[in-house]
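# Notes for the structure review
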2 protein chains.
Amino acid sequence: MAGMTTAPEQIIVDSILDAIANHKLRAGTKLGEHSLSEIFSCNRTQVRRALATLTGYQVVEHIPNRGAFVTTPSERDARDVFQARQAIELTICGNVVQFETLPDFPPLHENIGAESRAIAAGNRAETIRLSRKFHLILAELGGNSVLERYLEELTMRSSLILGLYGGDTESQCASDDHCRIVAALEARDGAAAQAEMRAHLQHIEAEVDFTGARKPTGALSSLLL
Amino acid sequence: MAGMTTAPEQIIVDSILDAIANHKLRAGTKLGEHSLSEIFSCNRTQVRRALATLTGYQVVEHIPNRGAFVTTPSERDARDVFQARQAIELTICGNVVQFETLPDFPPLHENIGAESRAIAAGNRAETIRLSRKFHLILAELGGNSVLERYLEELTMRSSLILGLYGGDTESQCASDDHCRIVAALEARDGAAAQAEMRAHLQHIEAEVDFTGARKPTGALSSLLL
DNA sequence: GCCACTAAAATTGTTTACAAATTGTGTTGC
DNA sequence: GCAACACAATTTGTAAACAATTTTAGTGGC
């Protein structure tokens, strides 16, 4: 497994997902097959598969004979996504405190530390990435593979929503929220952890504002790292 | 839209999903591309796309260079699926009772009626189909598109699990459970509805038994209607 | 100047042919 | 008789050519 090169379609999916999560790729952007095959220097077939995968994630919209576009979430989508997140993440919190053997919290602490540093350094992209990662680590600790997979999709869609309708003050206080959640989890206080998680998700959703004009849709070029 | 023929890949997906839901197609069955393209008299490309969609539903497992197989759920999968169902369906119950304008319950009643009749007639396949349909109607009434989509997948996987590990007395009492859930919903008693739903899901999960030998894997021929 | 129509270019969708891998079978050697 | 090897057949994976659709550009008329 030395020279094991990652499959090109996986690279495409990850790159686009990363670009969306970091608000480098905005809603409505067209994802042309030829463009992508050139950018990633691969076959159009592989691009096609990658786009199908992303469509499954509800992160890409596929219009017949027109092509693939980064999904533009509706107001209803936003509401539904955050409610689903609450249902799932509260359950995850309940799971984490219920294990006989304590799960290893160090990864969570490391993540929170890195998050604080990223905020202090003003590194917005890294802050967003680490904030999402926090929820995914927690989901993994929950031990339910179904909820984990769903949350992967939902955090992605959340990023997309915040990129379109979110304010600029985004997730400055997220690090504190995360801290409180972990504290309650370590104290094995499930109810408290769920309360903190609920509050945290409400903080995030509160940043969404549909009244203002949607941010303009960007071009497909900020993809390459 | 007169002679509008449904896309072949949709037909394939629906047929396989239906066959799985009705336990006509069992876990472990190989889904050969050539076989399917002959059965549905279509191109291999379309079969391929259909299988990819089913893989996304976690209902088909794709092994590189080996082909596609009906997923064999593990014990952990079963646990995770039913816990996820609980988280999602309790939230749906909460949603249904919260709308100002009462949702239209007639479809639910019709479904329950048909279910009772199917049970009385000893029509096992129809019973299973209608039982699943009940949960999907309820999900639609809940008004959350995300939860609705997830439940579509989870009910499918539940069918797969019950087909492998379930007893033969399956879902005889389901109709009564459904009745009680709707009654609580109509009374706008969210807590009661959630309690009934929780009990119902526990009844279903109780039918799962991992100790016995897994039922044998069938051949790919019981597909055609 | 603006709208409608037409033709060309670009993009998506589908089919076909080809390559790679796996499975099954038959043979040989012990 | 059994195991290991080699070859053939089947099956999946990939790429390239072809067809259909949409978009864009250009032209003519009002």
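Calculation criteria
- The residue count restarts for each chain, going from 1 along the sequence in the order it is written.
- As they are written, the chains are lettered A onward and the ligands numbered 1 onward, keeping that order.
- With pLDDT at 70 or above as the cut-off, local features in this predicted model cover only qualifying residues; side-chain atom pairs require 80 or more to be listed or tallied, and sums for whole chains, interfaces and linings still use all residues.
- As a rule here, side-chain values cover all heavy atoms of the structure and leave hydrogens and water aside.
- By definition, a salt bridge exists where a carboxyl oxygen of Asp or Glu is found within 4 Å of a side-chain nitrogen of Lys or Arg.
- Labels follow the DSSP assignment, with helices taken as runs of H or I lasting at least four residues and strands as runs of E lasting at least two, numbered in each case from the N terminus.
- Note on contacts: a residue pair is in contact if any heavy atoms of the two residues lie within 4.5 Å.
- Accessible area that two parts lose when put together, evaluated with a 1.4 Å probe and summed over both, is termed the buried area.
- Here a polar contact means two N or O atoms within 3.5 Å. Within protein one must be a hydrogen donor candidate and the other an acceptor candidate, and residues neighboring in sequence count only if both atoms are side-chain atoms.
- Amino acids outside the nonpolar list (Ala, Val, Leu, Ile, Met, Phe, Trp, Tyr, Cys, Pro) and the charged list (Asp, Glu, Lys, Arg) are all regarded as polar, and Gly is one of them.
- Superposing copies: least-squares fit, C-alpha atoms only, residues required to have pLDDT of at least 70 in both.
- Relative accessible area decides the class of each residue, using a 1.4 Å probe on protein chains only: under 20% of the type maximum gives buried, over 50% gives exposed, and in between gives partly exposed.
- The rule for a residue being near a molecule or strand is that one of its heavy atoms must lie within 4 Å of it.
- Being paired, for any two strands, means DSSP has found at least two bridges between them.
- Axis geometry follows a simple rule: fit a line to the C-alpha atoms, using only the stretch in contact for helices, then measure angles between N-to-C directions, giving values from 0 to 180 degrees.
- What a helix is expected to span follows from its residue count: subtract one and scale by 1.5 Å.
- Here, the arc refers to the directions that run from the helix axis to the C-beta atoms.
- We define the nonpolar core as a collection of buried residues of types Ala, Val, Leu, Ile, Met, Phe, Trp, Tyr and Cys that are connected through side-chain atoms lying within 4.5 Å of one another.

What follows deals with the pattern of salt bridges. Residue and element names in this part refer to chain A. This structure, assessed with the given rule, holds 22 salt bridges over all chains. Across the pair Glu 33 and Arg 44 runs a salt bridge, and its minimum N-O distance is 2.6 Å. Here the residue Glu 33 occupies a position in helix α2 (residues 33–39), and Arg 44 occupies one in helix α3 (residues 44–56), the gap between them amounting to 11 residues. For the salt bridge of Glu 153 with Arg 157, the shortest nitrogen-to-oxygen distance reads 3.6 Å.

Further remarks concern the interface of chain B and chain A. Tallying the contact residues gives 22 residues for chain B and 22 residues for chain A. Summed over both partners, the interface of chain B with chain A comes to about 1,800 Å²; 43% of that surface belongs to carbon and sulfur atoms. It is Gln 83, Arg 149 and Tyr 150 of chain B in chain B that bury the most area against chain A; as a group they hold 28% of the surface buried on that side. Here chain B is connected to chain A by 2 salt bridges. Linking Glu 153 of chain A and Arg 149 of chain B is a salt bridge whose minimum nitrogen-to-oxygen distance equals 2.3 Å. In this structure, the connection of chain B to chain A is made through 14 residue pairs in polar contact (both at pLDDT 80 or more). Elements that contribute at least two residues to the side of chain B that touches chain A include exactly α4 (75–96) and α7 (145–165) of chain B. Within the side of chain B that touches chain A, the residues separate by chemical class into 8 nonpolar, 8 polar and 6 charged.

The next point concerns the relation of the copies chain B and chain A. A rotation about some axis, followed by a shift along it, carries one copy of the chain onto the other. Here chain B sits on chain A after a turn of 180 degrees about the axis and a move of 0.0 Å along it, with an RMSD of 0.0 Å. The two molecules are tied by a two-fold rotation axis, judged by turn and shift. Considering only C-alpha atoms, the residue of chain B closest to the rotation axis is Ala 87 of chain B, which sits at 2.9 Å. In this assembly, 100% of the residues forming the interface of chain B have copies in chain A that are likewise at the interface, indicating an isologous arrangement.

Below, the discussion takes up the side chain of Glu 33 of chain B. Residues and elements named next belong to chain B. In this structure Glu 33 comes out as buried when scored by relative accessible area, which is 18%. Of note is the side chain of Glu 33, whose polar atom sits 3.3 Å from the side chain of Arg 48. With near-sequence residues (within four places) excluded, Glu 33 lies in contact with Arg 44, Val 47, Arg 48 and Leu 51.

Near DNA strand D there are 17 residues, and of these Arg 49 and Arg 66 of chain A together with Arg 44, Arg 48 and Asn 65 of chain B occur at the shortest range. When the atoms of DNA strand D within 4 Å of the protein are grouped by moiety, sugar and phosphate amount to 68% of the total. In the model, a phosphate oxygen of DNA strand D is placed 2.3 Å from a nitrogen or oxygen of the Arg 66 of chain A side chain. With respect to DNA strand D, the side chain of His 62 of chain B contributes an N or O atom lying 3.1 Å from a phosphate oxygen. Residue assignment for the surface near DNA strand D shows that the elements contributing at least two residues are α3 of chain A together with α2 (33–39) and α3 (44–56) of chain B. In terms of residues, the surface near DNA strand D owes the most to one element, α3 of chain A, which gives 3 residues.

Another point: the sheet that holds strand β3 (residues 67–70) of chain B. Residues and elements named next belong to chain B. Within the open sheet, the 3 strands sit side by side as β1-β3-β2. Their pairing is antiparallel. Each edge of the open sheet carries a strand with a single partner, namely β1 (30–31) and β2 (60–63). Examined bridge by bridge, β2 and β3 share 4 bridges and lie antiparallel to one another. In the strand pairing of β3, Ile 63 is matched with Gly 67. Packed onto the sheet, α3 meets β1, β2 and β3 and runs at close to 115 degrees relative to β2.

Residues and elements named next belong to chain B. Look at helix α5 (residues 106–120): 21 Å from first C-alpha to last across 15 residues, which is about the 21 Å you get at 1.5 Å a residue. Among all positions of α5, only Leu 108, Asn 111, Ile 112, Glu 115 and Ala 118 are buried. The buried residues of α5 occupy one face: seen down the axis, they fall within an arc of 125 degrees. Set apart from the buried face of α5 by more than 90 degrees, the exposed residues are Glu 110, Arg 117 and Ala 120.

Let us now look at the nonpolar core. Core analysis: the largest hydrophobic core is formed by 74 residues, its most contacted members being Leu 138 and Leu 185 of chain A together with Leu 138 and Leu 185 of chain B. Considering every element that reaches this core, the biggest residue donor is helix α4 (residues 75–98) of chain A, with 10 residues.

Close to DNA strand C lie 16 residues, the nearest being Arg 44, Arg 48 and His 62 of chain A together with Thr 45 and Arg 66 of chain B. Of all atoms in DNA strand C that approach within 4 Å of the protein, 66% are sugar or phosphate atoms. In this structure, Glu 33 of chain A approaches DNA strand C through a main-chain N or O atom, which is 3.4 Å from a phosphate oxygen. One of the backbone nitrogen or oxygen atoms of Asn 65 of chain A is found 3.2 Å away from a phosphate oxygen of DNA strand C. Taken together, the elements giving at least two residues each to the surface near DNA strand C come down to α2 and α3 of chain A together with α3 of chain B. Grouping the constituent residues of the surface near DNA strand C by class yields 1 nonpolar, 8 polar and 7 charged.

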